[in-house]
Amino acid sequence: MGVYSIAVDLGGTNLRIAAVSGEGKLLEKLTTGTEVQRGRDFVIREMTDAIQSLMVKYRDSGDLAGIGIGVPGFIDMDTGTIMRSPNLPDWAKFPVREEIERRLGTTVILENDANAAAMGEKWLGAGRNTDHMAMYTLGTGVGGGIVMNGRLWHGVNGMAGELGHFNVESEGHPCGCGSRGCLEQYASATAIVRMAHEVMDSGSAPDLVDAARGNVEFTSRGIYQLAIQNHPSAQKIYRRVGRALGIAIGGMVNALNLPMYVIGGGVASAWDAFAPTMFEELKVRSFIYSITAPDRVEPGQKHTVVTIALMGSDAGLYGAARLPMRAPRAQTEAVRSSIKS
Ligand SMILES: [Zn+2]
């Protein structure tokens, strides 16, 4: 009999729960709205009820490795506590892992959602043939995750991989983290819309103002549509996204010389609008990249790959499912015995 695990993606708007087999096959997925405003206890009850229904349903299909939960925000890995999550304000300092382990009697692993997405891409997606990679998730914000030797790199507190707060403009736009000019302020969906409004307000983008008067949806996707229809101001915005990514990834290549950098999240689907500038910038910002880019090495030589993610919005769910499967057996047993005693 194989193993399976249950993954939870605790987003700000959706709560997604899935049973996933040890081979990476999705057994079942449940989606509900996260009624965050009804409070932490309500969400935890809803989550544990759904997990329990899957535990009952799949109990004959394998050993439950545990539960992996992806959460947006800063997580203290030692205590299994959410330190800060903008979407889940009343969860701060609450021992989520302990509480859910107590209710369900199985191993629970809490992980930052972008780290979980990196693990999902590593397990089944773009990174499946490498043991070392970094992932950027370009969504409402920009998340990141670093995988080394097949495992997430956590740093001392579990907060490593905040690649969205890599500085790309020393005196740039203020960021929610307290700094300014972070990658997130130039490469997230939110940033793309903001940059469009900035150029329109400055009077330098009459083509965007015209488009905004029409029925163009003023989202990152809508602005991408304008870019591929050759609207110069929209193209310029996506070139700025590419430049910011080139600077940030160039820094990572210089620091870690990993073989692979994966770009996912909703904004990644605008790849053709930002990637050419990103690759140009990368070659300038990183000497290592300039000599190890796929078009700069002999066939068969080790090189640096920067590529689009393959797992879509389920990357985090698969990654969260993978975490308890990868946890040392001893840790799993220790949890089980501590719950029984
Ligand atoms: Zn920041």
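One can find the structure itself at the top, above this paragraph.
A brief look at the structure comes next. (Residues numbered from 1 in each chain as written. Predicted model: local features only at pLDDT ≥ 70, side-chain atom pairs only at ≥ 80, totals over all residues. Heavy atoms only, no water.)

1. Considering the layout of surface pockets
In this model, the second largest pocket occupies a volume close to 340 Å³. Lining the second largest pocket are 21 residues; nearest its centre among them are Met-77, Ile-109, Glu-111, Arg-151 and His-154. Where the lining of the second largest pocket is concerned, the elements lending two or more residues are strand E7 (108-112), strand E10 (151-152) and helix H11 (315-326). Broken down by class, the residue content of the lining of the second largest pocket amounts to 10 nonpolar, 6 polar and 5 charged. (1 Å grid on protein atoms, 1.4 Å probe; cavity = no way out; pocket = protein on both sides within 12 Å on 5 of 7 lines; lining within 4 Å. Points joined across faces, edges and corners; volume = space filled by probe spheres on them. Helix = DSSP H or I, 4+ residues; strand = E, 2+ residues; numbered from the N terminus. Nonpolar A, V, L, I, M, F, W, Y, C, P; charged D, E, K, R; others polar.)

2. Side note on the sheet that holds strand E2 (residues 14-21)
Here we have 5 strands laid out as an open sheet, ordered E3-E2-E1-E4-E7, and mixed in their pairing. With partners counted over all chains shown, the strands left at the sheet margins are strand E3 (26-33) and E7, one partner each. Looking at each pair of strands side by side, their axes are set apart by 15 degrees on average, direction ignored. Strand direction decides the pairing type here: E2 and E3, joined by 7 bridges, are antiparallel. Each bridged residue has a counterpart across the sheet, and for Ala-19 the counterpart in E3 is Glu-28. Of the strands in this sheet, E2, strand E4 (63-71) and E7 touch helix H3 (residues 113-124), which is tilted by about 100 degrees from E7. (Pairing = 2+ DSSP bridges. Axes fitted to C-alpha atoms, helices over the stretch in contact; angles between N-to-C directions. Contact = heavy atoms within 4.5 Å.)

3. Comments concerning unusual backbone geometry
Phi is positive for Lys-93, close to 65 degrees, though the residue is something other than glycine. Within the element layout of this structure, Lys-93 appears in the loop between strand E6 (81-84) and helix H2 (96-104).

4. A word on the packing of aromatic side chains
Enumeration according to the criterion identifies 4 aromatic pairs in this entry. Judged by centre distance (6.0 Å) and plane angle (70 degrees), the rings of Tyr-224 and Tyr-238 are edge-to-face. Within this pair, whereas Tyr-224 is found in helix H7 (residues 220-228), its partner Tyr-238 is found in helix H8 (residues 232-256), the two being separated by 14 residues in sequence. Taking the centre distance of 6.1 Å and the plane angle of 75 degrees together, the rings of Trp-271 and Phe-279 count as edge-to-face. Grouped by ring-pair contacts, the aromatic residues Trp-271, Phe-274 and Phe-279 constitute a single cluster. (Phe/Tyr/Trp six-rings, centres within 6.5 Å; stacked < 30°, edge-to-face > 60°.)

5. Considerations on the pairing of E6
Note that strand E5 (residues 74-76) and E6 share 3 bridges and pair antiparallel. Within the sheet, the bridge partner assigned to Ile-75 lies in E6 and is Ile-82. Counting the residues that bridge the hairpin from E5 to E6 gives 4 residues, and of these Gly-80 lies at a positive phi of roughly 65 degrees.

6. As for the packing of H3 against H11
Two numbers describe how H3 lies on H11: the axes approach to 6 Å, and their chain directions differ by 80 degrees. By the criterion of interaxial angle, the relationship of H3 to H11 is roughly perpendicular. On H11, the residues that touch Ala-116, Ala-117, Met-119, Gly-120, Glu-121, Trp-123 and Leu-124 of H3 are Ala-315, Gly-316, Tyr-318, Gly-319, Ala-320, Arg-322, Leu-323 and Met-325. (Parallel < 35°, antiparallel > 145°, perpendicular 65-115°, else oblique.)

7. Topic: the side chain of Glu-28
By the element assignment, Glu-28 lies in strand E3. A polar contact of 2.7 Å, which involves the side chain of Glu-28, links it to the side chain of Lys-57. Within the structure, Glu-28 has its side chain in polar contact with the side chain of Tyr-58 (distance 2.7 Å). Residues within four places of Glu-28 in sequence aside, it is in contact with Ile-17, Ala-18, Ala-19, Leu-54, Lys-57 and Tyr-58. (Polar contact = N/O pair within 3.5 Å; in protein donor to acceptor, adjacent residues only side chain to side chain.)

8. Considering the coordination of the zinc ion
Here the zinc ion is held by the protein donor atoms His-165 (ND1), Cys-175 (SG), Cys-177 (SG) and Cys-182 (SG), which lie 2.0 to 2.3 Å from it. Coordination at the zinc ion is tetrahedral: its 4 donor atoms span angles of 105 to 119 degrees at the metal. In the primary structure, the donors to the zinc ion are separated according to the pattern H-x9-C-x1-C-x4-C. Within this pair, whereas His-165 is found in the loop between E10 and helix H4 (184-187), its partner Cys-182 is found in the loop between E10 and H4, the two being separated by 17 residues in sequence. Looking at His-165, the relative accessible area reads 25%, which means it is partly exposed. Assessed through its relative accessible area of 0%, Cys-182 is described here as buried. (Donors = N, O, S within 2.8 Å, 3.2 Å for Na, K, Ca; no water. Tetrahedral: all angles 85-135°; square planar, octahedral: opposite > 155°, others 65-115°. Buried < 20%, exposed > 50% of the residue type's maximum accessible area, 1.4 Å probe, protein only.)

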